[in-house]
Each structure stands twice: as structure tokens, then as C-alpha cells.
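Residue-level structure breakdown
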Amino acid sequence: MYININAESREDADRLFNGLSTGGKIEMPMEDMFWGDYFGSFKDRFGIQWMVNFGSYK
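My aim in this report is to walk through the structure given alongside it, one point at a time. Since we're looking at a predicted model, the values are computed, not measured.

Describing the side chain of D12
As for its placement among the helices and strands, D12 is situated in helix 1 (residues 10–21). Given a relative accessible area of 17%, D12 falls into the buried group. At 2.5 Å, the side chain of D12 forms a polar contact with the side chain of R15.

Structure below.
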């Protein structure tokens, strides 16, 4: 199970990703994905899995 965060901007996505992933394990660094979004995932230092997403679909 993952917690998903939809960020308001690329900068917000980077800020959330960098802050929450500190001390954890990055699975996918933040990068542009083939489906058109800016996305990354990680497991934090407490073992909680996260996905951070920014899409221009708004």
C-alpha cells in the first residue's frame, strides 16, 4: 500500500519528495514519466511507502 500525494507544482513535488524521503529508500527518483507526469516513489525511514505525483492534467 502506498500513500499518494498530488503536488500543486514540480517545485512542490520536489520539496515533498526530498523532505519525506530523508533517511528512507528511494525506489524511483522524481522524473518525467512516459505517461506525461512528474513522479517519484520511496519508502520513508518508518517503512511507509509514498508516491509523489505532479501532472499537468488540471
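Some thoughts on the environment of G23
Within the secondary structure, G23 sits in the loop between helix 1 and strand 2 (25–32). Residues G23 and G47, spaced 24 residues apart in sequence, show a C-alpha to C-alpha distance of 10 Å.

Concerning the pattern of salt bridges
Taken as a whole and assessed by the stated rule, the structure comprises two salt bridges. For R10, the salt bridge goes to D32, with nearest N and O atoms at 2.7 Å. With R10 in helix 1 and D32 in strand 2, the pair connects residues that are 22 residues apart, well separated along the chain. The salt bridge partner of D12 is R15, with a shortest N-O separation of 2.5 Å. With D12 and R15 both in helix 1 and three residues apart, this pair spans about one turn of that helix. When its relative accessible area of 54% is taken as the criterion, R15 is described as exposed.

Conventions we followed
- Residues numbered from 1 in each chain as written.
- Predicted model: local features only at pLDDT ≥ 70, side-chain atom pairs only at ≥ 80, totals over all residues.
- Heavy atoms only, no water.
- Helix = DSSP H or I, 4+ residues; strand = E, 2+ residues; numbered from the N terminus.
- Buried < 20%, exposed > 50% of the residue type's maximum accessible area, 1.4 Å probe, protein only.
- Polar contact = N/O pair within 3.5 Å; in protein donor to acceptor, adjacent residues only side chain to side chain.
- Salt bridge = Lys/Arg side-chain N within 4 Å of Asp/Glu carboxyl O.

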